[in-house]
Amino acid sequence: MPAHRAGTTTQHDPRNDSGTGLSSVNRRRFLGYLVAAPTLVVAAEMGRQAIWDAPEAYAASSRPIPSPPQTPEYYEFVDAYRDACRPTNPLLRVEIGENGRPSFRLPRSDNGQGILTSFAMIIAEEMDIDPSDVDVTLADARPELMFNQLTGGSSSSFSLYTPVRVAAAIARGALLDAAAEALGGERRLLQSAGLAFTDTAGRSIGFGELSKLAAVPVTTPVEVVLKSREEFTVLGKSRIKDDARAIVTGQKQFAMDIPVPDALPTVICRAPDLNGFPVGQASNMPSNIDEVRTMPGVTDVEPIGNGIAVRARTFGQCIDAVRALEVNWEPGTVAGKNDDDIVAELRAAELPLAIPAVPGKTIEQEFVHYSRNGSALETNCATVVFSGSKAEVWAPAKSPISGQKIVSQKLGIAQNDVTFHVTPGGGSFGRRLFNDHVQEAAEAAKAIGKPVKLMWDRANDCRQGRVKPLCTTRIRAVLTDDAVASFELRYTGVNMEVDEGLTDVLSSQLIKAPEGNLGVSATFFEISVLTPYNFGVNTRFLNEVNYGFNTGSTRNVYGPDTCTAREVMIDRIAERLGRDPYEFRAEFIKTERAKKVLDRCAEEADWGKKMEPGTAQGIGFHQEYKAIMACIVEIDARPETVNRKIRSARTGPRVTKATFVGDPGLLLNPLGYKAQMMGGINDGIANALTAGLHLENGSFVEASWDNYFYTRQWNTPPEMNIIAIEDSEYPEPGGAGEAGVAAAMSAVVNAHRRATGKEPEYTPLLHKEPFPEGFTQYPTSPPIPQSPTNGLEFTR
C-alpha cells in the first residue's frame, strides 16, 4: 500500500494533534482510494471511528462548585453529523480532468457562507496549487450519499475537512508519481509550478497529461500523510469569496436566473390565515377563475395543495392575477389566536424545576421569546420540468435528497427519475433545509402540465413561511455566599421542525448519546445546549408542543434564546454576589480555552470603562460547533437616540460598538470567518431589539421587509471589531455560519438591562412598543399587498 509521506499508522486522536514528531505524523496518516477511471479520480477516506473528546482543561479556581460534564462537552451535533457521514465519504471524489484542473462536486449547499471558496482552499492546500485553479461546484442530489448531502448546524467544514484533504493529498501524490516516471527523475526533486511539475532540468509536465498517466484500472487503497498545520500556505490566509465580484455586479446566477425552456413565472394564491386552504379544495374553484385566466400574460390557473397556482409571462402578471382571484378559504391552524394565547398554553406546558428554592438564596427568571421571521434575501423558489415519466428540478436546497424524494412522490415517479440540481442560494438561515417550495413547484408543474418557475412572494414568505417559533425559558439558580449551587434551565416552545434530513441524521446517532433514546428535538437540544460554567447541579430540559405553525431553526436552533436567558441570569447572579459580570464569568467558566476568549474580548473592548448615563456595556458568551465566542457591545439608550425619527422605521436604542472574539478552532479563511460573524452580530442585534413577528387573529401582522424590523443601517453598529483567534488549540475547523448570533444577542440584552435598569421579560425588547409612525399593516386579503408605486419619492 503506497504512502505519500512517511509514518506509521495509529489510531487518530484529534486532542493530541498539536504534538510534534513521529506521533504527530501518525495522527495525520489517512487512507483513501485511487478509483478506476480513464483519468485520475480519487475517493475520500471513510474516517476512523467516532471518538469522544474529553472536556478541555478546567480553568483553575477554588471558589466554583464543579458541575458534572454535559453531553455537548463530549459529543455535540457536529460530531453526530460527521459520524453519520463517514460510511459514504468514499463516494466523494476529487477529479483531475484532461484540462488539468482539479474539480470537486460539493455535496452541500452554499447560501452565501462561502464554502465553495473554503473547499477550493482546502484542496489547493494539499495539492500545492492556487485556489483559483480548483473548480468546486454544488453536487446534484445523490441519494447514495444518504446523510452526507445535508447542510445545517454549521457542520460543513467540520464534517468534510479531513475527507476532502485526504482525497486531494492522494491526487497530488499520484500525479507526482506519474510525473517522476514520465520525466525519468526522482520524485523528491520535482517542484510544483501551477498545474504542472518541473524537474531540475527545467522540463515540465502538466496535470492534464498526468491525469491519464496516473489513472488506475482497478480501485486501489492508498495511505497518505497530510500536511501539518505549520506547513500551510493557503489555509489560514484571508481570501475573498470566489463569486464576490459576480454577486456585486449582478452576474451570479441564482435559481430564478437560470434559463429553462418554457418555464414561466408561477406564484401561489394563499389563504389569509396561517395554513388555511380553499373551501372544498380542488372541488371549489375560485368564482372568477375563467376571468382571471384571460388576464394579460396569464397562461394557467390551477388549484394545488393549499392554494391556487397562477402561471404567467411575468411575476408581476402573476401577482396581479393572484390579487384578483376570489377564493373562499377555510380557517387556518391557529385561527383566531394571538401571541398571548400561545404564551398561556406554553406556560401550562412548562416542565417543573427539580431543585427547591431556598429563601434568600434563589433567583428565578422567566422570558418569552417571540416568533422571528426566517426569510432570506432570496425568497423560496424552484423550477420544475415534468415530462410525465421524468422530472428536472433547479432549486437552492440544503436537503436535496429529501427534495428529490418529495418530487418523486408528488409526481408519482421513481426517485432516480428526478434530476435535482442544487443552485446557489441567496441566504438560508435554516429556511432551505425544508423543501416546501420544491413540493409546490412539483405540484404546480403536474397540475398545469407545463414547466414552472415558482417563487414565493415576500408577504407570504413572512406570513406563511417557516419561522423561529415562540418559546419561553425559565431559569432557577440557588446560590451560596460566593458561588452557584444549582442552575436549572427549562425551554418550552412551539415545536421546532427538523423533519427533512436532520431527523434521519439524529436518529442514526441516538445510540451514541449518553442520554440514550431521546426524541429528535430533545436529542438536538441535549447535544447542542450547554451551560459552560461550574454552577454545581445543572439541569437543562426541553418540552415542545405542536400548535400548527410552520417552523424552522432560523440560524442557530436553540442557542440564541437559551444563551440569552442564561447570560442575563449570570449578570443577575454576579450582581447578587457583588461581582463584576466579566470577572464572574472568567472565574466560573469551565475551560481555559473559553477563559482565554473571554479575557481577550474584555481586553479588546476595554471592559469596565466609564460610560455616560443611559449608555452601557454588555457581555455575552456562547459555546457550540466546537467553537467559542464572546461578545461585548456598547449601547446607547438615551432618549435622543431612542426617539430619533426615520421614515416608517423602528429605531430605539442603538448598539454603537461591538467587540467580538471567536475561537473557531482551525481557522480556514479569516476574512470569510469575520464576514460570518458580522452577519451573526446583526442577527443578534435584531433578535434582541426589534425583529419579532406579531400573531394577531390567526395571522402574522408583518408581511414584508419594510414592516419586519430586522437590523437596518441606522441600527447596525458604526464600530465593529471582530477578532478570530488564529492559534487555537483545537485542531479542526469549528462551525462559523451560525456561531455569531447567540453571544451577540445576549450581550445586547445585557447592555440594555444595564443602561436602562429595566429587567427584560421578553425578546425582542421592543416587541410590545407601538408600531412606529408610518407603519403599514398590509391586508391579508388579497394575500399579496399592492406593489409600491412611489419609490422615487424617497430617493435622493
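This is a predicted model, so every value here is computed, not measured.

Calculation criteria
- Residues numbered from 1 in each chain as written.
- Predicted model: local features only at pLDDT ≥ 70, side-chain atom pairs only at ≥ 80, totals over all residues.
- Heavy atoms only, no water.
- Helix = DSSP H or I, 4+ residues; strand = E, 2+ residues; numbered from the N terminus.
- Rg over C-alpha atoms; globule rule 2.2 N^0.38 Å.
- Contact = heavy atoms within 4.5 Å.
- Lys, Arg positive; Asp, Glu negative; His and termini not counted.
- Charge placed at Lys NZ, Arg CZ, Asp CG, Glu CD.
- Pairing = 2+ DSSP bridges.
- Axes fitted to C-alpha atoms, helices over the stretch in contact; angles between N-to-C directions.
- Salt bridge = Lys/Arg side-chain N within 4 Å of Asp/Glu carboxyl O.
- Buried < 20%, exposed > 50% of the residue type's maximum accessible area, 1.4 Å probe, protein only.
- Parallel < 35°, antiparallel > 145°, perpendicular 65-115°, else oblique.
- Left-handed = near helix turned anticlockwise from the far one by under 90°.
- Nonpolar A, V, L, I, M, F, W, Y, C, P; charged D, E, K, R; others polar.
- pLDDT = per-residue confidence, 0-100.
- Expected span 1.5 Å × (residues − 1).
- Core = buried A, V, L, I, M, F, W, Y, C linked by side-chain atoms within 4.5 Å.

1. Things to note about the overall build of the protein chain
Of regular secondary structure, the protein chain possesses 21 helices and 31 strands. In terms of overall dimensions, the protein chain is globule-like: its C-alpha atoms have a radius of gyration of 27 Å, near the 28 Å expected for 796 residues. Overall, the protein chain is about 80 × 75 × 55 Å in size when its C-alpha atoms are taken along their principal axes. Contacts spanning at least 24 positions in sequence make up 79% of the contacts within the protein chain whose residues lie at least 6 apart. Counting 82 positive and 98 negative side-chain charges, the protein chain places the centres of these two groups 2 Å from one another.

2. Structural notes on the sheet that holds strand E27 (residues 654-663)
As a general point, the strands of a sheet are linked pairwise by backbone hydrogen bonds and lie either parallel or antiparallel. Taking strand neighbours across the sheet as the criterion, the 4 strands line up as E25-E26-E27-E30 in an open arrangement whose pairing is mixed. Both edges of this open sheet fall to strand E25 (615-624) and strand E30 (719-724), since each of them pairs with a single strand only. Mean inter-strand twist for the sheet, computed between neighbouring axes without regard to direction, equals 10°. Of the pairings in the sheet, the one linking E27 to E30 comprises 6 bridges and is parallel in character. The partner of Ala658 across the bridge, within E30, is Met720. Strand contacts of helix H18 (residues 592-605): E25, strand E26 (627-636), E27 and E30, with the helix running at about 25° to E26, the strand carrying the most contacts.

3. Regarding the pattern of salt bridges
For the structure on display, the rule yields 58 salt bridges. Two residues, Glu587 and Arg63, come together in a salt bridge whose shortest N-O distance is 2.7 Å. Separated by 524 residues along the polypeptide, Glu587 in helix H17 (residues 581-588) and Arg63 in the loop between strand E2 (41-43) and helix H2 (71-74) bring together distant segments of the chain. Assessed through its relative accessible area of 35%, Arg63 is described here as partly exposed. With its nearest N and O atoms 3.3 Å apart, the salt bridge here joins Glu443 to Lys410. Of this pair, Glu443 sits in helix H12 (residues 436-448) while Lys410 sits in helix H11 (residues 400-411), and the two are 33 residues apart along the sequence. Given a relative accessible area of 34%, Lys410 falls into the partly exposed group. Where salt bridges share partners, they join Arg347, Glu350, Glu364, Glu366, Arg474 and Arg476 into one cluster.

4. Quick look at the packing of helix H20 (residues 670-689) against helix H21 (residues 741-756)
Running from amino to carboxyl end, H20 crosses H21 at an angle of 45°, the nearest separation of the two axes being 7 Å. Comparing their axes, H21 and H20 come out oblique. The hand of the H20/H21 crossing is right-handed. Residue-level contacts link Gly680, Ile681, Asp683, Gly684, Ile685, Asn687, Ala688 and Leu689 of H20 to Val741, Ala744, Met745, Val748 and Val749 of H21. Class assignment for the residues of the contact of H20 with H21 results in 9 nonpolar, 3 polar and 1 charged.

5. Topic: the confidence of the model for the protein chain
For any part of a model where pLDDT is low, the fine detail of the predicted coordinates should not be relied upon. For the protein chain, mean pLDDT is 91; residues scoring 70 or higher make up 91% of the total. In this model, residues 4-22 is a region of pLDDT below 50 whose contacts with residues beyond four sequence positions or in other chains number 50 contacts.

6. Quick look at helix H16 (residues 559-576)
Between the first and last C-alpha of H16 there are 25 Å, a value that for 18 residues agrees with the 26 Å anticipated at 1.5 Å per step. The element H16 is extensively covered by neighbouring structure, given that 15 of its 18 residues are classed as buried. Among the residues trailing H16, Gly578 stands out with phi positive, at a value near 70°.

7. Structural notes on the pairing of strand E1 (residues 29-35)
Of all 7 residues in E1, 5 are buried; the element is thus mostly enclosed. Where E1 and strand E9 (residues 220-225) come together, 6 bridges link them in antiparallel fashion. Counted as the bridge partner of Arg29 is Val225 from E9. Where E1 and E2 come together, 3 bridges link them in antiparallel fashion. Among the inter-strand pairings, Tyr33 is bridged to a residue of E2, identified as Ala43. The loop that links E1 with its antiparallel partner E2 comprises 5 residues.

8. What to know about unusual backbone geometry
Across the junction of Thr763 and Pro764, the peptide omega takes the value -5°, indicating a cis bond. Looking at the element boundaries, Pro764 is found in the segment after strand E31 (762-763). Of the consecutive residues Ser781 and Pro782, the connecting peptide bond is found in the cis state with omega at 0°. Positionally, Pro782 belongs in the segment after E31. Residues other than glycine seldom take positive phi values, yet Asn556 does so here, at roughly 85°. Mapped onto the elements of the fold, Asn556 is located in the loop between strand E24 (537-545) and H16. A relative accessible area of 0% means that Asn556 is categorised as buried. Of note, Tyr625 is a non-glycine position whose phi angle comes to about 60°, a positive value. As for its position among the elements, Tyr625 is in the loop between E25 and E26.

9. Considerations on H12
Over its 13 residues, H12 extends 18 Å from the first C-alpha to the last, a length consistent with the 18 Å expected when each residue adds 1.5 Å. Those residues of H12 that fall on the buried side of the exposure criterion are Asp436, His437, Val438, Glu440, Ala441, Ala442, Glu443, Ala444, Ala445 and Ile448. Among the residues trailing H12, Gly449 stands out with phi positive, at a value near 80°.

10. A look at the sheet that holds strand E19 (residues 418-422)
If you trace the 7 strands from one edge of the open sheet to the other, you get E12-E13-E10-E20-E17-E18-E19, paired in mixed fashion. Lying at the two open borders of the sheet, with one neighbouring strand each, are strand E12 (298-304) and E19. For this sheet the average axis-to-axis angle between neighbouring strands, irrespective of direction, equals 20°. Across 5 bridges, the pairing between strand E18 (residues 391-395) and E19 is parallel. Across the sheet, Ala395 pairs through a bridge with Val422, a residue of E19. Set on the sheet, helix H9 (residues 315-324) makes contact with strand E10 (264-269), E12, strand E13 (307-312) and strand E20 (452-455); between it and E10 the angle comes to about 25°. Packed onto the sheet, H12 meets E10, E12, E13, strand E17 (381-386), E18, E19 and E20 and runs at close to 35° relative to E17.

11. Looking at the nonpolar core
Of all hydrophobic cores here, the largest spans 89 residues; its most connected members are Tyr558, Ile573, Phe584 and Phe660. Setting aside its immediate chain neighbours within four residues, Phe660 contacts Met629, Ala630, Cys631, Tyr673, Met677, Ile681, Asn721, Ile722, Ile723, Ala739, Gly740 and Ala743. Among the nonpolar cores identified, the runner-up in size contains 81 residues, and Val164, Val234, Ala391 and Leu668 belong to it.

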